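Fold and contact review
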Amino acid sequence: MKTPTEEIWVRDSNKPQGRRLWNNIQKQKEVAEKISRVQINKGDAISFWNDVWEGTQSLKHRFPLIHKLALHKNDSVRAMISTNAWDIKLKRNPNSAEPPEILEMFKVLGMPPQIKEEEEEELIGTEPGGFSSKTCYKWLEQQLPTKSEDPHFSCICIQKVPPKIQFFMWTAAQNLITTTVNLIRRGCQLQNIMCSLCNAHPETVDHLLLHCSYSHKVWSYFIRGLNIKLVQAGNLNLQLHAWKFRKGGNRGRKLWPPMIFAVCWALWNERNSRVMTRQRYKEEPETILEIKHLTYVWGGKEILFKFITFRELVTHWKVVMDNRLSNV
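Everything quoted here is computed from the prediction, not taken from an experiment.

Taken as a whole and assessed by the stated rule, the structure comprises 8 aromatic pairs. With 6.2 Å between their ring centres and 65° between their planes, Trp 219 and Trp 256 make a pair best called edge-to-face. Taken as a pair, Trp 219 in helix α11 (residues 213-223) and Trp 256 in helix α13 (residues 251-277) lie far apart in primary sequence, 37 residues in all. Taking the relative accessible area as the measure of exposure, Trp 256 reaches 0% and is therefore buried.

Right, dumping it as C-alpha cells:
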C-alpha cells in the first residue's frame, strides 16, 4: 500500500467517502506487522521510528526515551542514513539516564541496510505460506484466550436444526441470552428477576433451560426411557458436551441431538411469551407437544419419520422412539 509520499503504510485518507471504513482497516495494521517483516530496499517508504522494520516492535516503543529526544520523528529510514552510517539528530545532548538506551539502540540497529534504488519496499510474511488473509485469520485465532467453557462446534452444528436455533444455543451455552440476571448484569433496572416459568429462583440461563421445575418436567418426559441423565449441578455447556456422545440405533437416540435444541427453543419461546406478550401460560403438555412438532419437522418425514404421521408420533411417542432404524 503506497501513498503519493511513498510510505508503505497509508496513514489516512483525505476523501470523505469511506474514510471511517479506511480508518477501521488501518487499525488492523498491527496484526499485519506481527506476521510480516519489511524488506528495506530504497528505504524512503519505511518510517524509522513508527514502522516495525527491526525486531517485533517499532523503535519508538522499544526506545521511548530516545524517540522523545529525537528531532525528526517522522523521517524515513533512508533519511536517517548519512555516508553509510546512522545519523539520528537529537533535540539536545543526552542526560545521564539516556546514553545506555542510545547504546542499546545502536547495538540493535547495527550497520545501516544497503540502499537499492531500483527496488521498492515490500512486506514479507513470516508465517508458513506467506502473508494472506487466511494466515492473518489463523494468527488472530491463536491470540484469542482459550476458554474451556466455550461450546465445541460439534455440540452446536447439528444437522436439520435451523441456523437461527443453532445461534441461539451457541449464545445460551456462553451465558449470553437475555435472561433477567444477565439483563441486571448489563445495567438494566428490573423489579423482578425471578424465573418466568417457576417464579421461585433467579432467572439464570442454566436455571431457565435446565433446572427450573417447569423445565425439569419437560426434560424428564423426553429423557425417560433413553437412559440419559440430566445433571442437576451442571451448566448448559457441560450438559451439551455430555449429551453429544449419546449414540444408538433406535430412532430416539438418532433424534436426541436436535431434540435438545427443540426443548431449549420451546422453553425460551414460552419464557418470552410470558414476559413480552402476556398470553395464556402454556402447561407442560402443551410445550411437550410443540417440541414433538419441532422434532418431527427437523427429523424429516422422508428420513427418520418415513411412513409415520405426526398424529402417530404424538399418540405413540415411546413406541416410535424405541423403534430400531437399520437403514438410517
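Attention now moves to the nonpolar core. Ranked by internal contacts, the top residues of the largest apolar core, which has 49 residues, are Met 169, Leu 209, Trp 219, Phe 222, Leu 236 and Trp 256. Elements supplying a minimum of two residues to this core: α7 (153-156), α8 (163-173), α10 (205-211), α11, α12 (236-243), α13, α14 (284-304) and α16 (317-322). Among the elements that line this core, the one with the most residues is α13, at 12 residues. Other than its neighbours up to four places away in sequence, Leu 236 contacts Met 169, Ala 172, Ala 173, Val 205, Asp 206, Leu 209, Leu 210 and Cys 264. With 19 residues, the next largest nonpolar core counts Ile 40, Leu 59, Met 80 and Met 105 among its residues.

The next subject is the environment of Tyr 221. Residue position: Tyr 221 is located in helix α11. With 63 residues separating them along the chain, Tyr 221 and Glu 284 place their C-alpha atoms 9.7 Å apart. Setting aside residues no more than four positions away along its own chain, Tyr 221 makes contact with Ile 288, Lys 292 and Trp 317.

Before going further, it helps to spend a moment on helix α6 (residues 133-143). Of all the residues in α6, the buried ones are Thr 135, Cys 136 and Trp 139. On an axial view of α6, the arc spanned by its buried residues comes to 105°, and they lie on one face. Facing away from the buried side of α6, by more than 90 degrees, are the exposed residues Ser 133, Lys 134 and Tyr 137.

Our next topic: unusual backbone geometry. Here Thr 83, not a glycine, exhibits a phi torsion of approximately 50°, which is positive. Here Thr 83 shows up in the loop between β2 (81-82) and β3 (85-86).

Within the secondary structure, Val 31 sits in helix α2 (residues 29-34). Among residues more than four places away in sequence, those in contact with Val 31 are Cys 136, Trp 139 and Leu 140.

As a further point, take a nonpolar patch on the surface. On the surface, Ile 184, Leu 190 and Ile 193 cluster together into a nonpolar patch covering about 200 Å² of accessible area. The topology assignment puts Ile 193 in the loop between α9 (180-185) and α10. According to the relative accessible area criterion, Ile 193 is partly exposed, its value standing at 31%.

This model, assessed by the stated rule, comprises 7 salt bridges. As a salt-bridge pair, Asp 87 and Lys 89 come within 2.9 Å of each other at their nearest N and O atoms. The partly exposed category is assigned to Asp 87, whose relative accessible area is 27%. Ionic pairing is found between Glu 284 and Lys 217, a salt bridge with its closest N-O pair at 3.7 Å. Separated by 67 residues along the polypeptide, Glu 284 in helix α14 and Lys 217 in helix α11 bring together distant segments of the chain. The exposure class assigned to Lys 217 is exposed, which follows from its relative accessible area of 51%.

For the rest of this paragraph, the subject is the confidence of the model for the protein. In the predicted model, the protein carries a mean pLDDT of 78, and the fraction of residues at 70 or more is 77%. Confidence over residues 1-5 falls short of pLDDT 50; this stretch has 13 contacts with residues more than four positions distant or in other chains.

Position of Glu 286 relative to the elements: it lies in helix α14. Taking the C-alpha atoms as reference, Glu 286 lies 9.9 Å from Val 218; in sequence the two are 68 residues apart. Beyond its immediate stretch of four places on either side in the chain, Glu 286 contacts Arg 280 and Tyr 281. For Glu 286, the side chain forms a polar contact with the side chain of Arg 280, separated by 2.7 Å.

Once that is clear, we can look at the packing of α8 against α12. Look at α8 against α12: their axes get within 8 Å of each other, and the N-to-C directions meet at 120°. Between α8 and α12, the angle is such that the two are oblique. Contact residues: α8 offers Met 169, Ala 172 and Ala 173, while α12 offers Leu 236, Asn 237 and Leu 240. Here the contact of α8 with α12 is built from residues that sort into 5 nonpolar, 1 polar and no charged.

Reading guide: rules and limits
Residues numbered from 1 in each chain as written. Predicted model: local features only at pLDDT ≥ 70, side-chain atom pairs only at ≥ 80, totals over all residues. Heavy atoms only, no water. Phe/Tyr/Trp six-rings, centres within 6.5 Å; stacked < 30°, edge-to-face > 60°. Helix = DSSP H or I, 4+ residues; strand = E, 2+ residues; numbered from the N terminus. Buried < 20%, exposed > 50% of the residue type's maximum accessible area, 1.4 Å probe, protein only. Core = buried A, V, L, I, M, F, W, Y, C linked by side-chain atoms within 4.5 Å. Contact = heavy atoms within 4.5 Å. Arc of directions from axis to C-beta. Patch = residues over 30% accessible without salt bridge, like charges linked within 9 Å, V, L, I, M, F, W, Y side chains within 5 Å. Areas by Shrake-Rupley, 256 points an atom, 1.4 Å probe, with all protein chains shown as cover. Salt bridge = Lys/Arg side-chain N within 4 Å of Asp/Glu carboxyl O. pLDDT = per-residue confidence, 0-100. Polar contact = N/O pair within 3.5 Å; in protein donor to acceptor, adjacent residues only side chain to side chain. Axes fitted to C-alpha atoms, helices over the stretch in contact; angles between N-to-C directions. Parallel < 35°, antiparallel > 145°, perpendicular 65-115°, else oblique. Nonpolar A, V, L, I, M, F, W, Y, C, P; charged D, E, K, R; others polar.

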